[in-house]
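Spelled out, the chains give:
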Amino acid sequence: MPTIKIAGNDCFYTYEELGHDDTIVFSNSLGTDLSMWDPVVQLLRQHLNILRYDTRGHGQSTISSDTVTIAELGQDVIALLDLLGIGKVYFCGLSMGGLIGQWLGIHHPERFKKIIVANTAAKIGTAEGWNARIAQVREHGLESILQGTAERWFTPAFREAHPEVVEAVLEKFCHTSLQGYIANCAAVRDADFRKELPKLKVPTLVISGTADEVTTPVDGEFLAGGIPRSRHVQLEANHLSSMELPAEFAKNVLYAAKNEGDFYLQIYN
Ligand SMILES: O=C(O)CC1=CCC(=O)O1
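Here's what I pulled together on the structure shown here.

So, how was this worked out
- Residues numbered from 1 in each chain as written.
- Predicted model: local features only at pLDDT ≥ 70, side-chain atom pairs only at ≥ 80, totals over all residues.
- Heavy atoms only, no water.
- Helix = DSSP H or I, 4+ residues; strand = E, 2+ residues; numbered from the N terminus.
- Buried < 20%, exposed > 50% of the residue type's maximum accessible area, 1.4 Å probe, protein only.
- Near = heavy atom within 4 Å.
- Polar contact = N/O pair within 3.5 Å; in protein donor to acceptor, adjacent residues only side chain to side chain.
- Areas by Shrake-Rupley, 256 points an atom, 1.4 Å probe, with all protein chains shown as cover.
- Nonpolar A, V, L, I, M, F, W, Y, C, P; charged D, E, K, R; others polar.
- Disulfide = S-S within 2.5 Å.
- Salt bridge = Lys/Arg side-chain N within 4 Å of Asp/Glu carboxyl O.
- Pairing = 2+ DSSP bridges.
- Axes fitted to C-alpha atoms, helices over the stretch in contact; angles between N-to-C directions.
- Arc of directions from axis to C-beta.
- Contact = heavy atoms within 4.5 Å.

## Section: unusual backbone geometry
- For Ser95, which is not glycine, the phi dihedral falls at a positive 60 degrees.
- Tracing the backbone through its elements, the reader meets Ser95 in the loop between β5 (89–94) and α3 (96–107).
- Even without being a glycine, Asn119 presents a positive backbone phi close to 40 degrees.
- By secondary structure assignment, the location of Asn119 is in the loop between β6 (112–118) and α4 (127–140).
- Residue classification places Asn119 among the buried residues on the basis of a relative accessible area of 0%.

This is the structure we're talking about:
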């Protein structure tokens, strides 16, 4: 499996060139890795080339500093595309990946055909909340927030029906680098696109989960209200909506990718 040096870090990625015209890049959420996209990718391989990567300090991607910003994480995506010689792509990011998507759409619109931001917000949480979480994991480790993480990410029904999926995701969470997790918590804490949304000119699909209390449907509504060419859909899921409802998630991504024109001119069914 390949890694590329980006900004002094080893960026782990998988690029599946499947003979399609278009490529989609997937960007993971805080405390997960590129495997979070497995169920969605399985459904999209027949339509799109797939580029996945582990965000800096997550999965098998390293981090060589104690701090990072969403801008740097966005620049990592551009560097990865440049190094692989890939021009214009679709981008799909969830939560922290959705913050990266907002930054990319504002700063590098020329590289993106459409952007899908899922379970995210223009600003996620409060500084106090993030500082408390950072202090907690710094002192007691990632295991100390395992139960709360499971509850924030998955609905009770999904946890009961798919314990093996939840266990596998939490196993990866526990193996996330503490340095990477803390640096990325701070990146999420410090990101605020509330005043910048009108500058995001790439057609954007916003996906929310009706049971998501971290990045709520109201946050999704705010994003779609601020991004000029956007559309908002809600899935009956919690924060990791792509894992809870991969078929619905993939259908929405594919609809966004394969229909030309602006989302707001289209009728979704
Ligand atoms: O773990 C959480 O609280 C959910 C989350 C916030 C940003 C992100 O990427 O995940």
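## Considering the site of the ligand
- The environment of the ligand is made up of Ser29, Leu30, Ser95, Met96, Trp130, Arg133, Arg152, Trp153 and His239.
- One of the side-chain nitrogen or oxygen atoms of Trp153 is found 3.1 Å away from an oxygen atom of the ligand.
- Protein contacts shield 100% of the accessible area of the ligand, which totals 290 Å² for the unbound molecule.
- Contributing elements (two or more residues each) for the shell around the ligand: α4 and α5 (146–153).
- Grouping the constituent residues of the shell around the ligand by class yields four nonpolar, three polar and two charged.

## Some thoughts on the state of the cysteines
- Overall, the coordinates contain zero disulfides when judged by the stated rule.
- Cys174 takes part in no disulfide bond, and the closest cysteine sulfur to it belongs to Cys185, at a distance of 14 Å.

## Re the pattern of salt bridges
- Applying the stated rule across the entire model yields twelve salt bridges.
- Note that Asp22 is salt-bridged to Lys113, the shortest N-O span being 2.4 Å. Of this pair, Asp22 sits in the loop between β2 (9–16) and β3 (23–27) while Lys113 sits in strand β6, placing them 91 residues apart in sequence.
- Given the relative accessible area of 12%, Asp22 is considered buried.
- Asp38 is paired through a salt bridge with Arg52; the nearest N and O atoms lie 2.7 Å apart. Taken together, the residues span a long stretch of sequence, with Asp38 in helix α1 (residues 38–44) and Arg52 in strand β4 (residues 49–53) at a distance of 14 residues.
- A relative accessible area of 5% places Arg52 in the buried class.
- One network of salt bridges, with partners in common, ties together Glu16, Asp38, Arg45 and Arg52.

## Comments concerning the sheet that holds β5
- With mixed pairing, eight strands are arranged side by side in an open sheet as β1-β2-β4-β3-β5-β6-β7-β8. Sheet topology places β1 (3–6) and β8 (230–235) at the edges, where each strand pairs with a single neighbour. On average, each strand axis in the sheet is tilted by 20 degrees relative to the strand beside it, whichever way the strands run.
- Relative to β5, β3 is paired through four bridges, and the arrangement is parallel.

## Quick notes on helix α9 (residues 217–226)
- If you check which residues of α9 are buried, you get Pro217, Gly220, Leu223 and Ala224. End-on view of α9: buried residues confined to an arc of 110 degrees, all on one side of the axis. Looking at α9, the residues exposed on the side facing more than 90 degrees away from the buried face are Val218 and Gly225.
- Buried-residue contacts for α9 involve α3, β6, β7 (204–209) and β8.

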